[in-house]
2 protein chains.
Amino acid sequence: MNLSPDLQSFVLHFGEMGSRWGINRTVGQMYALLFLSEDPLNADQISETLNLSRSNVSMGLKELQAWQLVKLQHLPGDRKEYFSTPEDTLDIAMTLIQERRKRELDPTLSLLRDTLLDSQETPANPYAYNRMQEMCELMEQVAKWSDKLLQMDRDSLQKVLKLANVTQKLVGLKANWSSKANANS
Amino acid sequence: MNLSPDLQSFVLHFGEMGSRWGINRTVGQMYALLFLSEDPLNADQISETLNLSRSNVSMGLKELQAWQLVKLQHLPGDRKEYFSTPEDTLDIAMTLIQERRKRELDPTLSLLRDTLLDSQETPANPYAYNRMQEMCELMEQVAKWSDKLLQMDRDSLQKVLKLANVTQKLVGLKANWSSKANANS
DNA sequence: TTGTATTTTCAGTAATTACTGAAATTATAG
DNA sequence: CTATAATTTCAGTAATTACTGAAAATACAA
């Protein structure tokens, strides 16, 4: 299969960005290719189009599956495995949030909780423990936020995104309403 | 300088997480150490505490400065450079959002805009271009969202975070309010 | 079953990234 | 200025990560 220059550069760009996104170059390319492809692709097609070894494609697809970023399907009358990305880009974004939270937030949150629990009484280094406490609280809040996001249905999400500018006004309202309860910090 | 077991494991954990966060192990450790330290530290102290070469610390501090995650200061009567992290964890979180957006979103957004602009008329592969269009729109919305976040003052941010559970209700309200205007898509 | 198509594993190697020590540069006190 | 303290640079090396091809495992049609 052959890619037009525009698609080619999109695929290559995703490859380069891959490392920043926590996947490697070839996995990034593979994802981009699948994202742009109307029809599901099998490993050989990917391997051929991107000039990657078949085994590399196999490993890359495993990783994309671990990220839940691609789905596997079989085409009637063909025993090869075919892969595709969700049609709805919002779904993709939600998966990304979920998976990145799992990889980038949860392990640290878990360590912090354990550390802070095990040291209930006044610790040797109050400053450091207070610091960890603050980080823990912030991460808990972010985690709670992302839980809420992930629970939302598609339409609510669309609205949260589209009405970003409104949020600020709503927060302003809230500020008036709860200004007395927040005189601490 | 010597770290207690808890602080030690926090520092080591940050080191391991570093690679997932787009920094390397030693930079992660350096950041953790600075985060937990009440007083600013100089490069020699970091180097000694973490058993890293002085040159490695120098490079690491440069990277942390590029991320705007540490600030440099001089102590009176000492010509060494001292580094510390912001006291407010919310500030830190905002910086992180800003810097990650710059590194992980903006380059792709820019490529997509250019590609889509250069191909105004109906392209050879309508599906792929439509796909890019969708990704571009989503990324624009996320970018706009993060702009709004970054413009907010500290207190509003606190509220946005703390009232995550309320947001859903507000969206529900919005849904009623604008349900007729959103019959598209 | 058996044979064949397909995928996966994995040891070896290539490529990339991280780290170090020595030398060069910069900053500043005297 | 000069001397010294401090930081940075960078070439060389170490460590890690990515990739390949061959062999093993799996899936499935006949």
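No experiment lies behind these values; they were computed from the predicted model shown.

S.K.: Looking at this structure, how should I read the overall build of chain A?
M.R.: Counting secondary structure elements, chain A contains 8 helices and 3 strands. Element order for chain A, N to C, with α for helix and β for strand: α-α-β-α-α-β-β-α-α-α-α. For chain A, the residues scored as buried account for 23% of the 185 residues in total. Considering only residue pairs separated by 6 or more positions, chain A has 48% of its internal contacts joining residues 24 or more positions apart.

S.K.: Which parts of the structure should I look at to understand the protein's contact with DNA strand C?
M.R.: Of all residues adjacent to DNA strand C, which total 21 residues, the nearest are Ser55 of chain A together with Asn24, Ser53, Ser55 and Asn56 of chain B. For the surface near DNA strand C, the elements supplying multiple residues, two or more each, are helix H3 (43-50) and helix H4 (54-66) of chain A together with helix H2 (25-36) and helix H4 (54-66) of chain B. Ranked by the residues each element gives to the surface near DNA strand C, the list is headed by H4 of chain A, at 5 residues. Across the surface near DNA strand C, the residue classes break down as 5 nonpolar, 9 polar and 7 charged.

S.K.: What should I look at first to understand the pairing of strand E3 (residues 81-84) of chain A in this one?
M.R.: Moving residue by residue along a regular strand, the side chains alternate between the two faces of the sheet. All names here are of chain A. Relative to E3, strand E1 (residues 41-42) runs antiparallel, the two sharing 2 bridges. Looking across to E3, one finds that Asn42 is bridged to Tyr82. Alignment of strand E2 (residues 71-74) against E3, held across 4 bridges, turns out to be antiparallel. By the bridge assignment, Lys71 is partnered in E3 with Ser84. Where E2 folds back on E3, the antiparallel hairpin that results is connected by 6 residues, among which Gly77 adopts a positive phi of roughly 75 degrees.

S.K.: For this particular structure, what's the right way to read the relation of the copies chain A and chain B?
M.R.: In the superposition of chain A on chain B (RMSD 0.0 Å, axial shift 0.0 Å), the rotation amounts to 180 degrees. The superposition operator between the copies reduces to a two-fold rotation axis. Residues of chain A ranked by C-alpha distance from the rotation axis are headed by Gly22 of chain A, positioned 3.8 Å from it. A share of 100% of interface residues in chain A that are also interface residues in chain B marks the association as one of identical surfaces.

S.K.: How should I be thinking about the nonpolar core in this particular structure?
M.R.: Where a protein is soluble and globular, its nonpolar side chains tend to be buried together. By size, the foremost hydrophobic cluster in this structure holds 30 residues, and its most contacted members are Met30, Tyr31, Ala32, Leu33, Leu34 and Leu64 of chain A. Put simply, the parts of the chain that give this core at least two residues each are helix H1 (5-21), helix H2 (25-36), H3 and H4 of chain A together with helix H6 (126-151) of chain B. Sequence-distant contacts of Ala32 of chain A, that is, excluding residues within four places in its chain, are made with Phe10, Val11 and Phe14 of chain A. In this structure, Ala32, Leu33, Leu34 and Leu69 of chain B belong to the second largest nonpolar core, which totals 29 residues.

Criteria and thresholds
- Within any chain, residue numbers begin from 1 and follow the written order of that chain's sequence.
- Chain A is the first chain written and ligand 1 is the first ligand written, with later ones labelled in order.
- For a predicted model such as this one, the threshold for reporting local features is a pLDDT of at least 70, and the threshold for listing and counting side-chain atom pairs is 80 or more; totals across whole chains, interfaces and linings nevertheless cover every residue.
- Helix and strand assignments follow DSSP, with helices taken as H or I runs no shorter than four residues and strands as E runs no shorter than two, numbered in order from the N terminus.
- Exposure criterion: with C-beta atoms placed from backbone coordinates, a residue whose C-beta has 20 or more other C-beta atoms within 10 Å is buried, one with 12 or fewer is exposed, and one in between is partly exposed.
- Here the contact rule is simple: place C-beta atoms from the backbone, and any two residues whose C-beta atoms are within 7 Å are in contact.
- Nearness here has a simple definition: the residue's C-beta atom, placed using the backbone, must lie within 6 Å of the molecule or strand.
- Under the scheme applied, nonpolar residues are Ala, Val, Leu, Ile, Met, Phe, Trp, Tyr, Cys and Pro; charged residues are Asp, Glu, Lys and Arg; polar residues are all the others, including Gly.
- Two strands pair if DSSP finds at least two bridges between them.
- The copies are overlaid by a least-squares fit using only the C-alpha atoms of residues whose pLDDT is at least 70 in both copies.
- Think of a nonpolar core as buried Ala, Val, Leu, Ile, Met, Phe, Trp, Tyr and Cys residues, each tied to the set through C-beta atoms within 7 Å.

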